[in-house]
Number of protein chains: 2
Amino acid sequence: MDVVDRLRQVLPESVVLSDPDRIESYRYDRAMFCPAGVPAAVVLARETAHVQAAVRVAAELGLPVVPQGARSGLSGAANAIEGGLVISLEKMDQVLRIEPVDQYVVTQPGVFNAVLSRAVAEHGLFYPPDPSSWEFCSIGGNLATNSGGLCCVKYGVTTDYVLALEVVLANGEILRTGRNTVKGVAGYDLTRLFVGSEGTLGIITEATLALRPQAQRPHTMAALFDSAVTAGEAIVDIVRSGVSLSLLEIMDGTTIAAVNAYKRMDLPADAAAMLIAQSDTGGEAAIQDIAKVAQLCTDAGATDCIVADDPLEGDLLLEARRAGLVALEQLGTTMIDDVCVPRSRLADFIAGVERIAVEVGVTVGVVGHAGDGNMHPTVVFDATDPLQAARAQTAFDQIMAIGLELGGTITGEHGIGVLKKQWLAKEIGPVGVDVHRSIKQALDPLGLLNPGKVVP
Amino acid sequence: MDVVDRLRQVLPESVVLSDPDRIESYRYDRAMFCPAGVPAAVVLARETAHVQAAVRVAAELGLPVVPQGARSGLSGAANAIEGGLVISLEKMDQVLRIEPVDQYVVTQPGVFNAVLSRAVAEHGLFYPPDPSSWEFCSIGGNLATNSGGLCCVKYGVTTDYVLALEVVLANGEILRTGRNTVKGVAGYDLTRLFVGSEGTLGIITEATLALRPQAQRPHTMAALFDSAVTAGEAIVDIVRSGVSLSLLEIMDGTTIAAVNAYKRMDLPADAAAMLIAQSDTGGEAAIQDIAKVAQLCTDAGATDCIVADDPLEGDLLLEARRAGLVALEQLGTTMIDDVCVPRSRLADFIAGVERIAVEVGVTVGVVGHAGDGNMHPTVVFDATDPLQAARAQTAFDQIMAIGLELGGTITGEHGIGVLKKQWLAKEIGPVGVDVHRSIKQALDPLGLLNPGKVVP
């Protein structure tokens, strides 16, 4: 029987999309150079039972299943597979329950990060993970890729906030992992096995996320440098000092110019790099933290330090930083790398990226979460020119290679998808690959869930 | 061939123990009522290659392997299996490398928690996980059980600090998980799968642990209550207030009396419960935090609040709390429960434990990490009296049942081992059990690693 007919036997009419025009928009996430097929159908699940039913049909017919959130991913993990099913979670978009005393929220996966963050803020609570894409990425996608963000440097990443999950397994059964309590060690940490598995082990249909009391309004400063490498050295000094920052970001001159053009901002055009630092400790302590960072930057050779007089000025600086990647996209096609290196090697890494850009002959804008060593060197090129496209790929790969050489990882927060599958094998080695395959086989013996993604 | 002879072919003489007298001391951890066999041999590994060689011999001969740290566990996970091998990691006791800028330490598993903590403190760094047993538990055991401790309420548990592991797998291969960087999402989170798996999936032979800048000297207060349930209500108020504490502990009257007797301390003998709170925010902020907590306790009905004038007084209060379990052990045999409940249910939980103690007719001393809802109701009894022993087991089980009823977990930090295996099945349900078995089968197809532990 045709898959669409079979799906319509077990699911409401409106849940099953088969119209080619509508399906087209469910084919790709935001990764470049990642192939995508045309799926046979898209299931717009409205409840867990829909996901279950669709997975069972896929198992019955031996079709691959791609779970999909808001398609804001940068590694092709959500790209459709030819002739398979896409199960979109975008309509499962309700925040189910907020528990102010126990400080957690129960949510469906389709809720956007910013929507959830604002909902809990109304109860005086704080959900820290804040990817730059927070206005258009979903919590389910954040869970699938273990997203980071700007405030990781103080508060950690998505996985640090996941207490419990509901997961539809490859056999259609529903697994509940984790707990509602702050601590718990009852059995294997299945929760964190599913977080970051990019839909290859199960489909997350509900999550219980830990919250914190709302942070203080941050104090902000920016420091300008005439060399990005010098800015990298300042970061090392800041980390070494032990000062507690809630944010420490970097943008290089290429990115500053792109943001000025895109956002009509008035960032200092002659700087080779800008660091932005925030402390949300509150009160006098935050003022002291920021003053200390400004001094460290000056000592490291900053040409100027600007301490924001009011929170709005700080917000504006953050807006500039968040706009970095989109601004670079205005200059051409982009390939966004996501290397994380030990913070002591940041200056070496930035120098290496600059060298690669010159040697390969491409433009690379460097932005990143400097405080935790997670950098997004972004190769900008003209995709219609095959020579430029080839050079972009070369630079993209060389940036990962230098990251590994410096003791880092090929991905700090964007994930593997299809984009970095071969590089994952280089990073984790043959025993690591074997263990990945064993676990994939154990949880998805028929290889139905997002096949061809993550596992080399 | 005899296992001891076979081991001596591949390992140095001094590494293989077969003398029955010496073996005897490697049979048990500190759990009560957990059976242990007599192993055929104990391998005192001094390097990873020894662990590998021993695992390969076990695979060849089809013998079970029990990895062992300092045998301070409370669930029988480290108990020997009749005729099998024990691989003790206690001689792999070197802190290998401290990286002050990147804020991590590389360590062997046999290092005691307190030794590691003091080693990194010399570099101005802080390893937060601090089980009460920190002076006599090993980092490897902490990793295997995902240990908590007193400062979890602010800093989280062991798994939150594990960046990378070296693991000897069931097939004798060496797996390296994780990374040296702050962030990373390259592949499945294997690191956290091994943490807390109690030696059933692999043997941890090296770990890279994240560190933090040293905290400020804490400010301390204690509040006294004429009812443990009222103290539980005060905890809920404190959590709801959002005040940031680095420690929030509870001891009931039974435990206070036991500590007074054991440590010759002068804790207030007529209190039914005492809360101890600390803030390590430093300076004026910490003083304000502690004053706020004192006020909340008074409002909730505390009979007295004592704010420690100097750090030494605070240390003394902490010493009293850390001595709680050992002090209760002086009164008889103990069964230490480890239930964690949502913090909003703490008062209900304490009331439930008091009811169980009366109904079953046993003594239960309540101590616990109140701030994160992780309680250690400790049943004290005369093990030579079969009636009392049966009652103790009944009370122990009923305490777990009430924890589950209140939305909690049967173990917050001590683990499953053999003690709670049947209860794990109740907590995670049949699908959860199936997934545990699949993962165990995937990583240890011959069932060699700590068989009979954890997985129901």
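The structure displayed is predicted, hence computed values, not measured ones.

Rules used throughout
- Residues numbered from 1 in each chain as written.
- Chains lettered and ligands numbered in written order.
- Predicted model: local features only at pLDDT ≥ 70, side-chain atom pairs only at ≥ 80, totals over all residues.
- Heavy atoms only, no water.
- Helix = DSSP H or I, 4+ residues; strand = E, 2+ residues; numbered from the N terminus.
- Rg over C-alpha atoms; globule rule 2.2 N^0.38 Å.
- Buried < 20%, exposed > 50% of the residue type's maximum accessible area, 1.4 Å probe, protein only.
- Contact = heavy atoms within 4.5 Å.
- Areas by Shrake-Rupley, 256 points an atom, 1.4 Å probe, with all protein chains shown as cover.
- Lys, Arg positive; Asp, Glu negative; His and termini not counted.
- Charge placed at Lys NZ, Arg CZ, Asp CG, Glu CD.
- Domains from an automatic or database assignment.
- Buried area = accessible area lost by both parts, 1.4 Å probe.
- UniProt positions renumbered as here; feature names shortened; annotations may be inferred.
- Disulfide = S-S within 2.5 Å.
- Pairing = 2+ DSSP bridges.
- Axes fitted to C-alpha atoms, helices over the stretch in contact; angles between N-to-C directions.
- Salt bridge = Lys/Arg side-chain N within 4 Å of Asp/Glu carboxyl O.
- Polar contact = N/O pair within 3.5 Å; in protein donor to acceptor, adjacent residues only side chain to side chain.
- Nonpolar A, V, L, I, M, F, W, Y, C, P; charged D, E, K, R; others polar.
- Least-squares fit on C-alpha atoms with pLDDT ≥ 70 in both.
- 1 Å grid on protein atoms, 1.4 Å probe; cavity = no way out; pocket = protein on both sides within 12 Å on 5 of 7 lines; lining within 4 Å.
- Points joined across faces, edges and corners; volume = space filled by probe spheres on them.
- Phe/Tyr/Trp six-rings, centres within 6.5 Å; stacked < 30°, edge-to-face > 60°.
- Lys NZ or Arg CZ within 6 Å of the ring centre and 35° of its normal.

*Asks:* So what about the overall build of chain A? Which residues, and what values?
*Replies:* When helices and strands are counted, chain A shows 15 helices and 19 strands. For a compact globule of 456 residues, the expected C-alpha radius of gyration is about 23 Å, and chain A comes in at 22 Å, within 12% of that figure. Each of the three principal axes of chain A carries a C-alpha extent, and together these read 70 × 60 × 45 Å. For chain A, with 456 residues in total, the buried portion stands at 63%. In chain A, the share of contacts with a sequence separation of at least 24, taken over all contacts with a separation of at least 6, comes to 72%. Of the accessible surface of chain A, which amounts to about 15800 Å², a share of 50% is contributed by carbon and sulfur atoms. Charged side chains in chain A number 34 positive and 55 negative. The centres of these two groups are separated by 5 Å.

*Asks:* Could you give me a rundown of the domain arrangement of chain A, with the residues and numbers involved?
*Replies:* Residues and elements named next belong to chain A. Assigned domains of chain A: these are domain 1 (95–213) and domain 2 (219–405). Centre-to-centre separation of domain 1 and domain 2, based on C-alpha positions: 28 Å. At the junction of the two partners, domain 1 supplies 11 residues and domain 2 supplies 14 residues. Summed over both sides, the interface of domain 1 with domain 2 buries roughly 990 Å², with 51% coming from carbon and sulfur. Of all residues in domain 1, Leu150, Val153 and Lys154 bury the most surface against domain 2, accounting for 59% of the area lost on that side.

*Asks:* Which residues make up the UniProt feature "domain: FAD-binding PCMH-type" (unreviewed entry) in chain A, and what values do they have?
*Replies:* When the UniProt feature table is mapped onto this chain, "domain: FAD-binding PCMH-type" (unreviewed entry) is found at residues 35–214 of chain A. Between the end C-alpha atoms of residues 35–214 of chain A the distance is 42 Å, and the span holds 22% helix and 25% strand.

*Asks:* Which residues make up the state of the cysteines, and what values do they have?
*Replies:* A complete count under the given rule lists 0 disulfides over all chains for this structure. Cysteine 34 of chain A forms no disulfide, and the closest cysteine sulfur to it belongs to cysteine 137 of chain A, at a distance of 18 Å. Looking at the unpaired cysteine 137 of chain B, the closest cysteine sulfur is the one in cysteine 152 of chain B, lying at 12 Å. On the basis of relative accessible area, cysteine 137 of chain B is assigned to the buried category, the value being 3%.

*Asks:* Can you break down the sheet that holds strand E2 (residues 41–44) of chain B residue by residue, with the values?
*Replies:* Hydrogen bonds along the backbone pair up the strands of a sheet, which may run parallel or antiparallel. Residues and elements named next belong to chain B. Spatially, E1-E2-E4-E3 is the arrangement adopted by the 4 strands of the open sheet, whose pairing is mixed. Edge positions in the sheet fall to strand E1 (16–17) and strand E3 (65–68), since each has one partner strand and no second. Note that E2 and strand E4 (residues 85–88) share 4 bridges and pair parallel. Residue leucine 44 lies in a different strand from E4, and its bridge partner there is serine 88. Sheet contacts for helix H3 (residues 48–61): E2, E3 and E4; angle to E4, the most-contacted strand, approximately 170°.

*Asks:* Help me get a handle on the interface of chain A and chain B, residues and values and all.
*Replies:* In many analyses, interface size is given as the accessible surface area lost on bringing the parts together. With 69 residues of chain A in contact, the opposing surface of chain B contributes 69 residues. For the chain A and chain B pair, buried surface summed over both sides reaches about 5400 Å², with 65% attributable to carbon and sulfur atoms. Contact with chain B buries surface across chain A, with Lys183, Val185 and Tyr188 of chain A losing the most and accounting together for 18% of the total. Connecting chain A to chain B are 4 salt bridges. Lysine 183 of chain B is the partner of glutamate 413 of chain A in a salt bridge, and the nearest nitrogen-oxygen pair spans 2.6 Å. Counting the contacts that link chain A with chain B gives 21 residue pairs in polar contact (both at pLDDT 80 or more). At the level of elements, strand E9 (174–178), helix H7 (190–194), helix H8 (228–241) and helix H15 (421–443) of chain A are the ones that each hand at least two residues to the side of chain A that touches chain B. Here the side of chain A that touches chain B gets 12 residues from one element, more than from any other, and that element is H15 of chain A. Split by residue class, the side of chain A that touches chain B holds 30 nonpolar, 27 polar and 12 charged.

*Asks:* Outline the relation of the copies chain A and chain B, listing residues and values.
*Replies:* Once chain A is rotated about the relating axis by 180° and shifted along it by 0.0 Å, it coincides with chain B to within an RMSD of 0.0 Å. Such a combination of turn and shift is consistent with a two-fold rotation axis. When the interface residues of chain A are mapped onto chain B, 100% of them again fall at the interface, so both copies present the same face.

*Asks:* So what's going on with the pairing of strand E5 (residues 95–99) of chain A? Which residues, and what values?
*Replies:* A regular strand carries its side chains on alternate faces of the sheet. Residue and element names in this part refer to chain A. Summarising the sheet, E5 and strand E6 (residues 104–107) pair through 4 bridges and their orientation is antiparallel. Considered in E6, the bridge of isoleucine 98 is made with valine 105. Counting the residues in the hairpin turn of E5 and E6 gives 4 residues, including glutamine 103, whose phi is positive at 55°.

*Asks:* How would you explain the pattern of salt bridges if you had to name every residue and give the values?
*Replies:* This structure, assessed with the given rule, holds 46 salt bridges over all chains. Across the pair arginine 192 of chain B and aspartate 160 of chain B runs a salt bridge whose closest N-O atoms are separated by 4.0 Å. Highlighted residues: arginine 192 of chain B in helix H7 (residues 190–194) and aspartate 160 of chain B in the loop between helix H6 (152–155) and strand E8 (162–168), separated in sequence by 32 residues. With a relative accessible area of 10%, arginine 192 of chain B lands in the buried category. What makes aspartate 160 of chain B partly exposed here is its relative accessible area of 28%. If you follow the salt bridges from partner to partner, you end up with Asp160, Asp189 and Arg192 of chain A together with Asp160, Asp189 and Arg192 of chain B in one network.

*Asks:* Residue-level account of empty space enclosed by the protein, with values.
*Replies:* All names here are of chain A. Under the criterion given, the structure shown has 1 cavity of 30 Å³ or more. A volume near 90 Å³ is recorded for the largest cavity. The element that contributes the greatest number of residues to the lining of the largest cavity is strand E16 (residues 333–336), accounting for 3 residues.

*Asks:* Describe in detail the side chain of glutamine 103 of chain A, supporting the description with residues and values.
*Replies:* Relative to the elements of secondary structure, glutamine 103 of chain A occurs in the loop between E5 and E6. Reaching out from glutamine 103 of chain A, the side chain makes a polar contact with the side chain of arginine 343 of chain B at a distance of 3.4 Å.

*Asks:* Describe the side chain of arginine 27 of chain B, with residues and values.
*Replies:* Residue and element names in this part refer to chain B. Looking at the element boundaries, arginine 27 is found in the loop between helix H2 (20–24) and E2. By relative accessible area, which is 12% here, arginine 27 ends up buried. Other than its neighbours up to four places away in sequence, arginine 27 contacts Ala36, Gly37, Val38, Pro39, Ala78, Asn79 and Ala80.

*Asks:* Any details on unusual backbone geometry? Residues and values, ideally.
*Replies:* Not every positive phi belongs to a glycine, and glutamine 103 of chain A is a case in point at roughly 55°. Residue glutamine 103 of chain A is classed as buried on the basis of its relative accessible area of 10%. Phi at asparagine 146 of chain B takes a positive value of approximately 50°, unusual for a residue other than glycine. Here asparagine 146 of chain B lies in the loop between helix H5 (139–145) and H6.

*Asks:* Tell me about the packing of aromatic side chains, and name the residues and values.
*Replies:* Residues and elements named next belong to chain A. Summed over the entire model, instances satisfying the criterion amount to 6 aromatic pairs over all chains. Pairing phenylalanine 33 with phenylalanine 381 gives two aromatic rings, centres 5.7 Å apart and planes at 15°, and the pair type is stacked. Here phenylalanine 381 lies in strand E19 (residues 374–381) and phenylalanine 33 lies in the loop between helix H2 (20–24) and strand E2 (41–44), a separation of 348 residues in the sequence. Residue classification places phenylalanine 33 among the partly exposed residues on the basis of a relative accessible area of 44%. Ring geometry for phenylalanine 126 against tyrosine 155: centres 5.1 Å apart, planes inclined by 90°, an arrangement best described as edge-to-face. Taken together, the residues span a long stretch of sequence, with phenylalanine 126 in strand E7 (residues 125–126) and tyrosine 155 in helix H6 (residues 152–155) at a distance of 29 residues. Residue class for phenylalanine 126 comes out buried when judged on its relative accessible area of 18%. The ring of tryptophan 134 has arginine 118 sitting right over it, with the charged end atom 5.3 Å from the ring centre.

*Asks:* Please set out the sheet that holds strand E6 (residues 104–107) of chain B residue by residue, giving values where relevant.
*Replies:* All names here are of chain B. On the basis of which strands lie adjacent, the open sheet formed by 5 strands has the order E5-E6-E10-E8-E9 and antiparallel pairing. A strand with exactly one partner marks an edge of an open sheet, and here the two such strands are strand E5 (95–99) and strand E9 (174–178). Averaged over all neighbouring strand pairs, the angle between strand axes comes to 15°, with direction disregarded. For E8 and strand E10 (residues 203–210), the ladder comprises 6 bridges, and the chain directions are antiparallel.

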